[in-house]
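Chain and residue survey
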Protein chains: 4
Amino acid sequence: MIRVAVVGARGRMGSHVVEAVRSASDMELTESLDAGDDIKQISKDNTDVVVEFTVPAVSLGNVLALIEQGVDVVVGTTGWDDDKLEQVREALSHAPRADQAVFIAPNFAISAVLADYFAAKAAKYFESAEVIELHHPDKVDAPSGTALHTARAIAQARQEAGMPAMPDNTQSDGGSRGQVVDGVHVHAVRLRGLNAHEEVLLGNAGEQLSIRADSFDRISFMPGVLLAVRTLAGGGHAGLTVGLDAFLDL
Amino acid sequence: MIRVAVVGARGRMGSHVVEAVRSASDMELTESLDAGDDIKQISKDNTDVVVEFTVPAVSLGNVLALIEQGVDVVVGTTGWDDDKLEQVREALSHAPRADQAVFIAPNFAISAVLADYFAAKAAKYFESAEVIELHHPDKVDAPSGTALHTARAIAQARQEAGMPAMPDNTQSDGGSRGQVVDGVHVHAVRLRGLNAHEEVLLGNAGEQLSIRADSFDRISFMPGVLLAVRTLAGGGHAGLTVGLDAFLDL
Amino acid sequence: MIRVAVVGARGRMGSHVVEAVRSASDMELTESLDAGDDIKQISKDNTDVVVEFTVPAVSLGNVLALIEQGVDVVVGTTGWDDDKLEQVREALSHAPRADQAVFIAPNFAISAVLADYFAAKAAKYFESAEVIELHHPDKVDAPSGTALHTARAIAQARQEAGMPAMPDNTQSDGGSRGQVVDGVHVHAVRLRGLNAHEEVLLGNAGEQLSIRADSFDRISFMPGVLLAVRTLAGGGHAGLTVGLDAFLDL
Amino acid sequence: MIRVAVVGARGRMGSHVVEAVRSASDMELTESLDAGDDIKQISKDNTDVVVEFTVPAVSLGNVLALIEQGVDVVVGTTGWDDDKLEQVREALSHAPRADQAVFIAPNFAISAVLADYFAAKAAKYFESAEVIELHHPDKVDAPSGTALHTARAIAQARQEAGMPAMPDNTQSDGGSRGQVVDGVHVHAVRLRGLNAHEEVLLGNAGEQLSIRADSFDRISFMPGVLLAVRTLAGGGHAGLTVGLDAFLDL
């Protein structure tokens, strides 16, 4: 039985995590904390792994405190930069337990993580590749961070394989060809009814490969969160790990 | 038996038309002309309907000559503007036969014509609508003429219904949101392996309607050409008609 | 201001209707009833249109009572057969108001209603047509009622146009070709994560038309419900009407 | 410069291979043979790699003769069974060159090979998975061999991961749920206009991953053929190799 605590338990994501942990037959929920609660209630005496889903302003502080408490941490809060990651690594270097682990993921949706990974793997075998992301119209940034990541991974794979620029004989367009990210065209659709979706199209003469990830609901993050909890509980991942693909068998 | 002649019979489209007419059990091929042949070989004595698929520079001359010969004409050549269309109407007004007909279509692919028509019909029932067109990378213009037409038809339908602008909270984008045509976002993908494709996405809270037309090959124009030939041969369409939707039962 | 009452107001659909009516700037919510409440609280003195979303066992009784109260009724409850519909028509024939109207729809999702309608319109222009429906795995029936309806409408359109059977040279299959409904192949996918989706594929040599409706959430029924309320309130639909397409401008 | 000969050079596939080799800047075409030509014209003196695209009845004989001639062989002809493969292995064991190589692939379309591979990799991370294949209506078998292979690979991946059966509460269906291959539902669509297409849908609560391969034309096999030629020419693959995924960097 993996003893799991949740920090940010009343938030939109955290409340789903509480539910998911309760439903998992190999986990028990030890603590459900939110703003105002004392994070020191969580310790290695009562908890193996903590799931932290709060806001960027408090997440680093929570993680550092939890490292001192001797527990492993799965972090879903966004807003991590190199400086913050370095502080986590530093704290882990003198953590109470030698094999203590922190895992941070920008995206826990397994479909999105796999789509991104498969697109990069496939990229060097196709003459053309473009990315279309589709989201609800309330989203403020375009394109999505995931689409940018995918486009850059495709570009890098093509470069490493020594591929030329993609064929494109367009002589005039009024913006319809989208944003060019490291040579990869990225298109962003905003449509009422959608949530978060990404499609990568790869083409050769006579053939196309399409890889699409649809996230209809934030509950789609739960399998990824539970996978991360189980992976940390299983040991062997001491230190800081970033990105769910590190925990997938690919 | 409909007596059909083809002008431009050795061209990329014309050669398909020759084949299609030969395969149609209700048609017989009377003349197959191309550059250098005398168009006056075609007359109402030997032909009911002519299919004209040549190039913009000669098409108007061909059509005017064929009107004088007393035959109906189905035109697939592109490049028609208001002035040229007016010359055709004028010629038809003193044509040998009172019920003589000319039909000109910018696109004979039934799937594309229907997608365009359905998108316009549906537009006023959805908060959001965007157009994605996808073509081979040798195409010089972006977006396609068909996509522009579709976007304008959607915009017009929304305006006539008194609808507000589509929801879009995007605060920053580097071009990923595409080209805005009368308020409708249009995205153009160029991918080796594709031919000519268009998808219209329409969304309301909790639902999406997608209408997609794929043209894999120019042979896809043949059902539309034969439909036009049969419609003219059936009579009742004296004068000039533009656009295949006029001959569809919608 | 349209005065709207909701019967079944605490149900899964009814609670969305209460919300939707409250958000509509041209409607006011007059009564929210559920099991145990007296339906006679609703009358033409306080209400123009009632939305009834309950269960098949009580819906007919509710509708008959509401007809006696002199109000128009929009019904979203399922389970209507010819006998029940006849009872509604009979009751309407001696209703308090001469122009009283009842509207019953098996599906209020505009995307699904339009997809069904467009597929039937397009059917006679394509050699081949097949239907794929995709739902969550808890659904007990396969294929969906909507997919059956679409397949039958396609078959009828083809028959009326005198079309031959679709081309299919399959010599052996172990069930992969799906269920044949009036000559139209229907495929049912069950996948965790999906809600209710239907795609119609239509093909000619060299081209394909795809029409797809996605219902991600039951909130997708609200635009259709509000459209029905407004249409009844606008008058001119005395008697019983079945099916949302009757109220769409197609 | 890789010296390449083609056997079956006037066939549908072979003629494309001749063209592809001629267009490749790192290859030169040495021999183009077809039925009636003497295969002994090809030898290690004039050729490095032979591409063999003929018919099942003569392919084994060709391959055995080419092994004796001391050249590497890329085989695209279908119809290989365990007995034939064993004869190739046996011939290779006493071939003129110690590092001689034969490569046989049932499918050279990189999109199809990758889709199959990615689907198997992803399978264990999703509750549900189904396969839809779509082909032209002249195809005699359903489902396609590729779809069967994909379904079996998904089933095996799930079994190895100890996963339970997929959720499916269907209580009645008239065949719409398709063919069940090792627990995986497979659906086959036959539509005029299509060529060869396969889509794998994988679902978890709130998310879907879709992987689709479209082969529009047999020219789509050429990148895979050239990749195999280059890989054999590069050395290090002595003996018999089956399946293009062996030569992809995955």
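Residues numbered from 1 in each chain as written. Chains lettered and ligands numbered in written order. Predicted model: local features only at pLDDT ≥ 70, side-chain atom pairs only at ≥ 80, totals over all residues. Heavy atoms only, no water.

Across its full length, chain A holds six helices and eleven strands. Expressed along its principal axes, the backbone C-alpha trace of chain A runs to roughly 65 × 40 × 35 Å. Burial statistics for chain A: of 250 residues in total, 59% are counted as buried. A separation threshold of at least 6 residues defines the contact pool for chain A, and within that pool the share at least 24 residues apart is 73%. Computed over 20 positive and 35 negative side-chain charges, the separation of the two mean positions in chain A equals 2 Å. (Helix = DSSP H or I, 4+ residues; strand = E, 2+ residues; numbered from the N terminus. Buried < 20%, exposed > 50% of the residue type's maximum accessible area, 1.4 Å probe, protein only. Contact = heavy atoms within 4.5 Å. Lys, Arg positive; Asp, Glu negative; His and termini not counted. Charge placed at Lys NZ, Arg CZ, Asp CG, Glu CD.)

A few words on the packing of aromatic side chains. Residues and elements named next belong to chain A. Per the counting criterion, the structure on display carries 20 aromatic pairs over all chains. Geometrically, the ring pair formed by Phe 103 and Phe 108 is edge-to-face, given 6.0 Å between the ring centres and 70° between the ring planes. Joined through ring pairs, the aromatic side chains of Phe 53, Phe 103, Phe 108 and Phe 247 make up one cluster. (Phe/Tyr/Trp six-rings, centres within 6.5 Å; stacked < 30°, edge-to-face > 60°.)

Turning next to the pattern of salt bridges. Tallied over the full model, the rule gives 56 salt bridges over all chains. Here Asp 168 of chain D and Arg 177 of chain D are joined by a salt bridge, their closest N and O atoms 2.8 Å apart. Here Arg 177 of chain D falls in the buried class, since its relative accessible area comes to 4%. Residues joined in a network through salt bridges with shared partners are Asp 72, Arg 97 and Asp 99 of chain A. (Salt bridge = Lys/Arg side-chain N within 4 Å of Asp/Glu carboxyl O.)

Here we take up the interface of chain A and chain B. Taken together, the 43 residues of chain A in the interface contact 43 residues of chain B. Both faces combined, the contact of chain A with chain B buries some 3100 Å², and carbon together with sulfur accounts for 57% of it. Run the count over chain A and chain B and you get two salt bridges. Here Arg 192 of chain B and Glu 127 of chain A are joined by a salt bridge, their closest N and O atoms 3.0 Å apart. Contributing elements (two or more residues each) for the side of chain A that touches chain B: strand E6 (128-135), strand E8 (184-190), strand E9 (196-204) and strand E10 (207-215) of chain A. Grouping the amino acids of the side of chain A that touches chain B by side-chain chemistry returns 16 nonpolar, 16 polar and eleven charged. (Buried area = accessible area lost by both parts, 1.4 Å probe. Nonpolar A, V, L, I, M, F, W, Y, C, P; charged D, E, K, R; others polar.)

All right, on to the UniProt feature "active site" (unreviewed entry) in chain A then. Residues and elements named next belong to chain A. As annotated in UniProt, the feature "active site" (unreviewed entry) corresponds to His 135 and Lys 139 in the numbering used here. Tracing the chain through its elements places His 135 in strand E6. The residues contacting His 135, other than those within four sequence positions of it, are Ser 144, Val 189, Arg 190, Leu 191, Leu 194, Asn 195, Ala 196 and His 197. Among the structural elements, Lys 139 can be located in the loop between E6 and helix H5 (145-160). (UniProt positions renumbered as here; feature names shortened; annotations may be inferred.)

For sheets, the rule is that strands pair by backbone hydrogen bonds, running either parallel or antiparallel. All names here are of chain C. Taking strand neighbours across the sheet as the criterion, the six strands line up as E2-E1-E3-E4-E5-E12 in an open arrangement whose pairing is parallel. Strands at the two margins of the open sheet, each flanked by one partner only, are strand E2 (27-33) and strand E12 (239-242). Taking the axes of each pair of neighbouring strands and ignoring which way they run, one obtains an average angle of 20° across the sheet. Here strand E3 (residues 49-52) runs beside strand E4 (residues 72-75); their pairing, made up of four bridges, is parallel. Counted as the bridge partner of Val 50 is Val 73 from E4. In the packing of helix H1 (residues 12-23) onto the sheet, contacts are made with strand E1 (2-7), E2 and E3, and the angle to E2 comes to roughly 155°. Against the sheet, helix H3 (residues 82-93) makes contact with strand E5 (101-104) and E12, and its axis sits at roughly 150° relative to E12, the strand it touches most. (Pairing = 2+ DSSP bridges. Axes fitted to C-alpha atoms, helices over the stretch in contact; angles between N-to-C directions.)

Here we come to the relation of the copies chain A and chain B. With an RMSD of 0.0 Å, chain A superimposes on chain B once it is rotated by 180° and translated 0.0 Å along the axis. Both chain copies can therefore be described as sitting about a two-fold axis. Judged by C-alpha distance, Gly 178 of chain A is the residue of chain A that lies nearest the rotation axis, at 2.5 Å. Both copies contact each other with a shared surface, as 100% of the interface residues of chain A are interface residues in chain B too. (Least-squares fit on C-alpha atoms with pLDDT ≥ 70 in both.)

Time to look at the interface of chain C and chain D. When the parts of a complex come together, some accessible area is lost, and that lost area is often used as the size of the interface. Between chain C and chain D, the residue contacts involve 43 residues of the former and 43 residues of the latter. Carbon and sulfur atoms supply 56% of the area buried between chain C and chain D, which totals about 3100 Å² over both sides. Scanning the region where chain C abuts chain D turns up two salt bridges. Between the two partners, chain C and chain D, sit 26 residue pairs in polar contact (both at pLDDT 80 or more). (Polar contact = N/O pair within 3.5 Å; in protein donor to acceptor, adjacent residues only side chain to side chain.)

On to the environment of Val 75 of chain C, then. Residue and element names in this part refer to chain C. Here Val 75 is to be found in strand E4. For Val 75, a relative accessible area of 0% gives the class buried. Spatially, the C-alpha atom of Val 75 lies 5.9 Å from that of Val 51, the residues being 24 residues apart in sequence. Residues contacting Val 75, with those up to four places away along its chain left out, are Glu 52, Ser 59, Val 63, Trp 80, Val 102, Phe 103, Ile 104, Ala 105 and Phe 108.

This part takes up the domain arrangement of chain A. In terms of domains, chain A is made up of domain 1 (2-104 + 219-247) and domain 2 (110-216). Placing the centre of domain 1 of chain A and that of domain 2 of chain A at their C-alpha centroids yields a distance of 31 Å. (Domains from an automatic or database assignment.)

Another aspect to go through is the pairing of strand E6 (residues 128-135) of chain C. Residues and elements named next belong to chain C. The element E6 is extensively covered by neighbouring structure, given that eight of its eight residues are classed as buried. Side chains Ser 128, Glu 130, Ile 132 and Leu 134 project from E6 onto one buried face, and the interleaved Ala 129, Val 131, Glu 133 and His 135 project onto a second face that is buried too. As paired elements, E6 and strand E10 (residues 196-204) share eight bridges and run antiparallel to each other. Bridge pairing in E10 places Ala 129 opposite Leu 202. Two elements, E6 and strand E9 (residues 184-190), share six bridges in a ladder whose sense is parallel. Each bridged residue has a counterpart across the sheet, and for Glu 130 the counterpart in E9 is His 185.

Glancing now at helix H6 (residues 222-233) of chain B. Residues and elements named next belong to chain B. With twelve residues, H6 extends 16 Å from end C-alpha to end C-alpha; this agrees with the ideal 16 Å at 1.5 Å per step. With nine of twelve residues buried, H6 is to be regarded as a mostly interior element. Listed in full, the buried residues belonging to H6 are Met 222, Gly 224, Val 225, Leu 226, Leu 227, Ala 228, Val 229, Thr 231 and Leu 232. Gly 235 sits one or two residues past H6 and shows a positive phi near 80°. (Expected span 1.5 Å × (residues − 1).)

We now examine the relation of the copies chain C and chain D. Of the transformation placing chain C onto chain D, the axial shift is 0.0 Å and the rotation is 180°, giving an RMSD of 0.1 Å. Here 100% of the contact residues of chain C are again contact residues in chain D; the copies associate through an equivalent surface.

The strand order across the open sheet formed by ten strands is E7(A)-E8(A)-E6(A)-E9(A)-E10(A)-E11(D)-E10(D)-E6(D)-E9(D)-E8(D), and the pairing between neighbours is mixed. Every other strand in the sheet has two partners, leaving strand E7 (179-181) of chain A together with strand E8 (179-181) of chain D as the edge strands with one partner each. Each strand axis lies, on average, 20° off the axis of its neighbour in the sheet, ignoring direction.

Moving on, we get to the packing of H1 of chain C against helix H6 (residues 222-233) of chain C. Residues and elements named next belong to chain C. Viewed as axis vectors pointing N to C, H1 and H6 meet at an angle of 65°, and their least axial separation amounts to 10 Å. Where H1 crosses over H6, the handedness of that crossing is right-handed. Each of Met 13, His 16, Val 17, Ala 20 and Val 21 in H1 lies in contact with H6, whose residues at this interface are Met 222, Val 225 and Leu 226. Taken together, the residues of the contact of H1 with H6 break down into seven nonpolar, one polar and no charged. (Left-handed = near helix turned anticlockwise from the far one by under 90°.)

Another point: the side chain of Ser 128 of chain D. Tracing the sequence through the fold places Ser 128 of chain D in strand E6 (residues 128-135). Look at Ser 128 of chain D and you get buried, because its relative accessible area is 0%. For Ser 128 of chain D, the side chain forms a polar contact with the main-chain nitrogen of Arg 192 of chain C, separated by 3.0 Å. Among residues more than four places away in sequence, those in contact with Ser 128 of chain D are Arg 190, Leu 191 and Arg 192 of chain C together with Arg 158, Met 166, Pro 167, Leu 201, Leu 202 and Gly 203 of chain D.

Looking along the chain, the bond that leaves Ala 142 of chain B and enters Pro 143 of chain B is cis, with omega of 0°. For Pro 143 of chain B, the location among the structural elements is in the loop between strand E6 (128-135) and helix H5 (145-160). One non-glycine residue, Asp 182 of chain A, adopts positive backbone phi at about 50°.

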